[in-house]
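Listed below are the residues making up each chain.
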4 protein chains.
Amino acid sequence: MIGGGASNEMTVESEKQALDVGREVRAAGATLYRGGAFKPRTSPYSFQGLGEPGLRILKKVREETGLPIVTEVIDTDTAELVAEYADCLQIGARNMQNFALLKKVGRIRKPVLLKRGMSATIEEFLLSAEYLLSEGNYEVILCERGVRTFANHTRNTLDLSAIPYVKRISHLPILVDPSHGTGKRLKVLPMSRAAVAVGSDGLLIEVHDHPEDALSDGPQALMPDMFAQLMKEVRLLAPVVGRTA
Amino acid sequence: MIGGGASNEMTVESEKQALDVGREVRAAGATLYRGGAFKPRTSPYSFQGLGEPGLRILKKVREETGLPIVTEVIDTDTAELVAEYADCLQIGARNMQNFALLKKVGRIRKPVLLKRGMSATIEEFLLSAEYLLSEGNYEVILCERGVRTFANHTRNTLDLSAIPYVKRISHLPILVDPSHGTGKRLKVLPMSRAAVAVGSDGLLIEVHDHPEDALSDGPQALMPDMFAQLMKEVRLLAPVVGRTA
Amino acid sequence: MIGGGASNEMTVESEKQALDVGREVRAAGATLYRGGAFKPRTSPYSFQGLGEPGLRILKKVREETGLPIVTEVIDTDTAELVAEYADCLQIGARNMQNFALLKKVGRIRKPVLLKRGMSATIEEFLLSAEYLLSEGNYEVILCERGVRTFANHTRNTLDLSAIPYVKRISHLPILVDPSHGTGKRLKVLPMSRAAVAVGSDGLLIEVHDHPEDALSDGPQALMPDMFAQLMKEVRLLAPVVGRTA
Amino acid sequence: MIGGGASNEMTVESEKQALDVGREVRAAGATLYRGGAFKPRTSPYSFQGLGEPGLRILKKVREETGLPIVTEVIDTDTAELVAEYADCLQIGARNMQNFALLKKVGRIRKPVLLKRGMSATIEEFLLSAEYLLSEGNYEVILCERGVRTFANHTRNTLDLSAIPYVKRISHLPILVDPSHGTGKRLKVLPMSRAAVAVGSDGLLIEVHDHPEDALSDGPQALMPDMFAQLMKEVRLLAPVVGRTA
């Protein structure tokens, strides 16, 4: 992932779907697999993820594809359970300032993917990372995923200037999530190219084999062939900007 | 508090300070006392509150002043401890979408004060309240405390239009926090009048007897005599807009 | 208007409509009449106002009602023509940084109503006023009309904290326009009360006798009876906050 | 410029400075020269540009370098004068909804560079372009230059997602201005790469030979050697994303 590669991102809905997507994204060159088992949802009545059965599916995806697994931790109670299954723990945008969760995950010795909050300044973002570092967990990967603005042509406004800014003042790697960052499938490919060109250390891309049936985030998910095309373009672009894909 | 009254808000720093402020705000007419024992702080190196000793101080404030205590719950682990001491549990802006905390507090039978997140839409705000309600806790009080915008003359932009909007589509009471909502002492009094006039069910006002020495939020804290003036003006205003103070 | 009163705001669509509304708002206590003859519209294909015939209608409204006329100046070419008919020249939000227009109007000796731009800081707002003052026109009235934010429950976010902030650092009077500031009829009355309570020197209220047929801004226009109710509430409120209505 | 190239942008301060920069950017491969003779400034007391003498200097730059000249039109009165000297007329962000200026420039038969307003939606941006088109001027070039948000690590937030969005719904070419879009010299090079990668038709780059002495926008201006480096990187990148540099 680090070095201009791309990983997929999806909500685990069934074993078959998770494995199918896993095989396809690995074939296309993904270097990690992000699947959501516990999902933080705006409404209590939305699909909340499969929970532990979802984690077991993710384990099978790793066994079958060899891809390391990233999955979201949504609370302190299930953090250790998630850590048993995952290679990397994601802390989502809504939890960027959930300081109890940051401290808890800081004490678990697994890499952490920390997403920028929807209205977080870069200073606040790095201070949240500091909560992880100050507990002794130094394997922190940041992720820009768009901020809230008045602009209505995308779901969020992807702030790519955050990448060179973070690179200048911090030693932490930073990825870009153009799927959440735009919320629109057709914007993911061009914004992925831009992310690589600006210096992002990697991409987090939502992929779904049948996005029209997705239980969450369907409109922003790429179909596997679009992901393959994205990987192809990233592989051409990365060396030009001094990265390996 | 409900009906146009005002409560104070402060971080508990010492027993003397807490009691002094408690006596002064009660004398001025406050109907509840908000004190922070566990503080969510942007930086892990900032003062994090006194913790349980702070809760014990709050208990003394209630014994001495008779004012009900509101204090913040920052994680699921300490929620029950806080509930033993508090009359009302606050969920802060940064935790508005901490769904695990919402569910936990929803299962505690104490009133909850839920603050709007810094970039939350009203729909998201009410859906977070729904997490509390759906666990069976119906005593939910909302609080508008300002949102993030480009405007730089205040710390946040207090969105008073949220009050009539929430009143129209929800049965929940809603307060205004002009202290966090402006971040500036001199704006608190006029914005408090505006909040009452727009239909707020109450105010949450930061008070400190020596704001220049405050361990957090000093620039927005009123001195006790300013709070007394505020209460006086609110008492004149409330009946004109059909409220009791 | 200054002193807590309210004025109406509308687009002139026909003589009958303009006179009807004029009589109704005067009866309700309005102290000036704002009507749009030249309209700045986002699309070149929208109704652009009646132009000079609209100005002649406004003149009749003044003759018939005795109310001074405020109307918008949209360019340097028609500024003097508009000034022949109007008692006060409005510069709209989109033109707040149209410096050529500011300089032109600064050289006309008529009061000016300057609206805050949609994403203007207070410093920029006051520097735009300075363009008028520096040309020798000292009769400048400011107007807060809402800023652009992510919030989607209102058309704009009315930033009432601008009022006490401007009052502190400037000698210029400032009004509030809750019609454009919220874009929603049912929010106009509560936000008007809030504007008076926060210290606004007046209100600018959109009124239309048949808002469902309005050629622009219908959803935010009050019907005359709602305007009368608003005036009644403002008259009760103003003296309590030290103003005359 | 169209095809992934880059142009410089500067305020004309003196003939020597303008010619020096002109020679350097041409040598580095710029395909047009943007210089400001009439400057729209937030404060009436800031340097307002050299005016017509500035236009004469720009004419000399074209004679000496062969580069076409882009310069800003700030009002209807001087539009024709500017058009006599310029090859392309710029309408700045603050004037994006100055409809009188749009109509005037729409009637001049010269290419127009229209910058997005600081809080303009894409729909509003394209409707402003429509004002030019509807007057018969079809040579309209759009320019994304950053929007206003809460983020404070850059002067504006450069919204690169606007590029693929505009490309999909409009036939108009669109450039990116990473100088105003970030306001910070060190962010200009990475954001330029991102702009090319996302599909921008060109770049508008502020260059100054002594930025520390610039009369405006110094902190965002590249020195000529940085501009040469930028051109080198763009030339490598453009063919990979299917463009010519």
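Residues numbered from 1 in each chain as written. Chains lettered and ligands numbered in written order. Predicted model: local features only at pLDDT ≥ 70, side-chain atom pairs only at ≥ 80, totals over all residues. Heavy atoms only, no water.

## Comments concerning the overall build of chain A
Within chain A one finds 9 helices and 8 strands. For 245 residues, the compact-globule formula gives about 18 Å, and the C-alpha radius of gyration of chain A, at 16 Å, lands near that figure. Counting only C-alpha atoms, chain A reaches 40 × 40 × 35 Å along its principal axes. Counting across all 245 residues of chain A, residues that qualify as buried make up 69%. As displayed, chain A has an accessible area near 7900 Å², and 50% of this comes from carbon and sulfur atoms. If you average the places of the 30 positive and of the 30 negative side-chain charges in chain A, the two averages end up 3 Å apart. (Helix = DSSP H or I, 4+ residues; strand = E, 2+ residues; numbered from the N terminus. Rg over C-alpha atoms; globule rule 2.2 N^0.38 Å. Buried < 20%, exposed > 50% of the residue type's maximum accessible area, 1.4 Å probe, protein only. Areas by Shrake-Rupley, 256 points an atom, 1.4 Å probe, with all protein chains shown as cover. Lys, Arg positive; Asp, Glu negative; His and termini not counted. Charge placed at Lys NZ, Arg CZ, Asp CG, Glu CD.)

## Comments concerning the interface of chain D and chain A
Chain D puts 36 residues into the contact, and the matching count from chain A is 37 residues. In this assembly, chain D and chain A are joined by 0 salt bridges. Counting every contact that joins chain D to chain A gives 6 residue pairs in polar contact (both at pLDDT 80 or more). The set of elements that each furnish at least two residues to the side of chain D that touches chain A consists of helix 6 (162–169), helix 8 (185–198) and helix 9 (224–240) of chain D. Looking at the side of chain D that touches chain A, the element that brings in the most residues is helix 8 of chain D, giving 8 residues. For the side of chain D that touches chain A, a count of residues per class yields 21 nonpolar, 8 polar and 7 charged. (Contact = heavy atoms within 4.5 Å. Salt bridge = Lys/Arg side-chain N within 4 Å of Asp/Glu carboxyl O. Polar contact = N/O pair within 3.5 Å; in protein donor to acceptor, adjacent residues only side chain to side chain. Nonpolar A, V, L, I, M, F, W, Y, C, P; charged D, E, K, R; others polar.)

## Section: the packing of helix 1 (residues 15–28) of chain D against helix 9 of chain D
Residues and elements named next belong to chain D. Taken N-terminus to C-terminus, the directions of helix 1 and helix 9 make an angle of 20°; their axes are 9 Å apart at the nearest point. Between helix 1 and helix 9, the interaxial angle falls into the category roughly parallel. Where helix 1 crosses over helix 9, the handedness of that crossing is right-handed. Taking contact as the criterion, the partners of E24, V25 and A28 in helix 1 are, on helix 9, P224, F227, A228, M231 and R235. Considered class by class, the residues forming the contact of helix 1 with helix 9 number 6 nonpolar, no polar and 2 charged. (Axes fitted to C-alpha atoms, helices over the stretch in contact; angles between N-to-C directions. Parallel < 35°, antiparallel > 145°, perpendicular 65-115°, else oblique. Left-handed = near helix turned anticlockwise from the far one by under 90°.)

## Structural notes on the pairing of strand 5 (residues 112–115) of chain D
All names here are of chain D. Side chains of strand 5 alternate between two faces, with V112 and L114 and L113 and K115 buried alike. Considered for its hand, the β-α-β crossover made up of strand 4 (residues 88–91), helix 4 (residues 99–106) and strand 5 is right-handed. Bridging between strand 5 and strand 6 (residues 140–144) involves 4 bridges; their strand directions are parallel. Looking across to strand 6, one finds that L114 is bridged to L142. Regarding topology, helix 5 (residues 122–134) serves as the crossover connection from strand 5 to the parallel strand 6, and that connection is right-handed. (Right-handed = clockwise from strand over helix to strand, strands pointing away. Pairing = 2+ DSSP bridges.)

## Brief notes about the relation of the copies chain D and chain A
Take chain D, turn it by 180°, move it 0.0 Å along the axis, and it overlays chain A with an RMSD of 0.0 Å. This pairing of chains is accounted for by a two-fold axis. Closest approach to the rotation axis among the C-alpha atoms of chain D is made by A194(D), whose C-alpha sits 2.0 Å away. Interface residue correspondence from chain D to chain A reaches 100%, placing this contact among same-surface, isologous pairings. (Least-squares fit on C-alpha atoms with pLDDT ≥ 70 in both.)

## Remarks on the packing of helix 2 (residues 52–65) of chain C against helix 3 (residues 76–85) of chain C
All names here are of chain C. It is the contact of helix 2 with helix 3, at a shortest axis distance of 9 Å, that shows an interaxial angle of 20°. As far as their axial angle goes, helix 3 and helix 2 are roughly parallel. Crossing handedness for the pair helix 2 and helix 3: right-handed. Where helix 2 abuts helix 3, its residues E52, L55, R56, K59 and R62 lie against L81, V82 and Y85.

## Some details on the pattern of salt bridges
By the definition in use, this model includes 60 salt bridges over all chains. Between E135(C) and R107(C) there is a salt bridge; the shortest N-O distance is 3.5 Å. Here E135(C), found in the loop between helix 5 (122–133) and strand 6 (140–144), pairs with R107(C), found in the loop between helix 4 (99–106) and strand 5 (112–115); they are 28 residues apart in sequence, far enough to count as distant. Residue class for E135(C) comes out partly exposed when judged on its relative accessible area of 25%. In this structure, the salt-bridge partner of D201(C) is K167(C), at a minimum N-O distance of 2.4 Å. A residue pair is termed long-range when its members are at least 10 positions apart, and D201(C) in the loop between helix 8 (185–198) and strand 8 (203–206) and K167(C) in helix 6 (residues 162–169) qualify at 34 residues. Residue classification places K167(C) among the partly exposed positions, given a relative accessible area of 35%. Linked through salt bridges whose partners overlap, the residues forming this network are K16(A), D20(A), R23(A) and E64(A).

## Structural notes on the side chain of S200(A)
Residue and element names in this part refer to chain A. One can find S200 in the loop between helix 8 (185–198) and strand 8 (203–206). Among the polar contacts made by the side chain of S200, one reaches the main-chain carbonyl oxygen of I174 at a distance of 3.5 Å. Within the local environment of S200, its side chain forms a polar contact with the backbone oxygen of G202, the two atoms lying 2.6 Å apart.

## Quick word on the relation of the copies chain B and chain C
Mapping chain B onto chain C is achieved by rotating through 180° and translating by 0.0 Å along the same axis, at an RMSD of 0.0 Å. Interface residue correspondence from chain B to chain C reaches 97%, placing this contact among same-surface, isologous pairings.

## Let's talk about the interface of chain B and chain C
Contacts between chain B and chain C engage 37 residues on the former and 36 residues on the latter. At the boundary of chain B with chain C, total buried surface from both sides reaches about 2900 Å², with 74% on carbon and sulfur atoms. Run the count over chain B and chain C and you get 6 residue pairs in polar contact (both at pLDDT 80 or more). If you tally residues by element for the side of chain B that touches chain C, the top one is helix 8 (residues 185–198) of chain B, at 8 residues. Split by residue class, the side of chain B that touches chain C holds 21 nonpolar, 9 polar and 7 charged. (Buried area = accessible area lost by both parts, 1.4 Å probe.)

## Topic: the nonpolar core
Burial of nonpolar side chains together is a common tendency in soluble globular proteins. Among the nonpolar cores identified, the biggest contains 139 residues, and L142(B), L142(C) and L160(C) are the most heavily contacted of them. Sequence-distant contacts of L142(B), that is, excluding residues within four places in its chain, are made with L113(B), L114(B), F125(B), L126(B), A129(B), V166(B), L172(B), P173(B), I174(B) and L175(B). Counting residues in each nonpolar core, the second largest holds 138 residues, with V12(A), V82(A), V198(A) and L237(D) among its members. (Core = buried A, V, L, I, M, F, W, Y, C linked by side-chain atoms within 4.5 Å.)

## Side note on the confidence of the model for chain A
The pLDDT averaged across chain A works out to 92; a share of 95% of its residues lies at or above 70. Overall fold confidence (pTM) sits at 0.94, and the ipTM for the predicted complex is 0.93. (pLDDT = per-residue confidence, 0-100.)

## Details of helix 9 of chain D
Residue and element names in this part refer to chain D. Along its 17 residues, helix 9 runs 25 Å from first to last C-alpha, staying within 8% of the 24 Å computed at 1.5 Å per residue. P224, F227, L230, M231, E233, V234, L237 and A238 are the residues of helix 9 that are buried. Looking one or two residues past helix 9, G242 carries a phi angle of roughly 80°, positive in sign. (Expected span 1.5 Å × (residues − 1).)

## Focus on the environment of V198(A)
On the secondary structure map, V198(A) appears in helix 8. On the basis of relative accessible area, V198(A) is assigned to the buried category, the value being 3%. The contact partners of V198(A), leaving out residues within four places of it in the chain, are L160(A), I163(A), P164(A), P190(D), M191(D), R193(D) and A194(D).

## Focus: the packing of aromatic side chains
Residue and element names in this part refer to chain C. Under the definition given, this model contains 4 aromatic pairs over all chains. Centre to centre, the rings of F99 and Y131 are 4.6 Å apart; their planes meet at 25°, and the pair counts as stacked. Here Y131 lies in helix 5 and F99 lies in helix 4, a separation of 32 residues in the sequence. For the pair formed by F99 and Y131, the shared burial category is buried. (Phe/Tyr/Trp six-rings, centres within 6.5 Å; stacked < 30°, edge-to-face > 60°.)

## Description of helix 2 (residues 52–65) of chain B
All names here are of chain B. The end-to-end C-alpha distance of helix 2 is 20 Å, a good match for the 20 Å that 14 residues give at a rise of 1.5 Å each. Those residues of helix 2 that sit buried are G54, L55, I57, L58, V61 and T65. Looking down the long axis of helix 2, one finds its buried residues gathered within 160° of arc, a one-sided arrangement. For helix 2, the elements touching its buried residues are helix 1 (15–28), strand 2 (33–36), strand 3 (69–72) and helix 3 (76–85). Directly after helix 2, the chain includes G66, whose backbone phi takes a positive value near 80°. (Arc of directions from axis to C-beta.)

## Regarding the pairing of strand 6 of chain C
Residue and element names in this part refer to chain C. In terms of burial, strand 6 is largely enclosed, as 5 of its 5 residues are buried. What you see with strand 6 is no split at all: V140, L142 and E144 on one side and I141 and C143 on the other are buried throughout. Sheet topology note: the strand 6/strand 7 (residues 174–176) ladder contains 3 bridges and is parallel. Bridging across to strand 7, L142 finds its partner in I174. Handedness of the crossover joining strand 6 and strand 7 through helix 6 is recorded here as right-handed.

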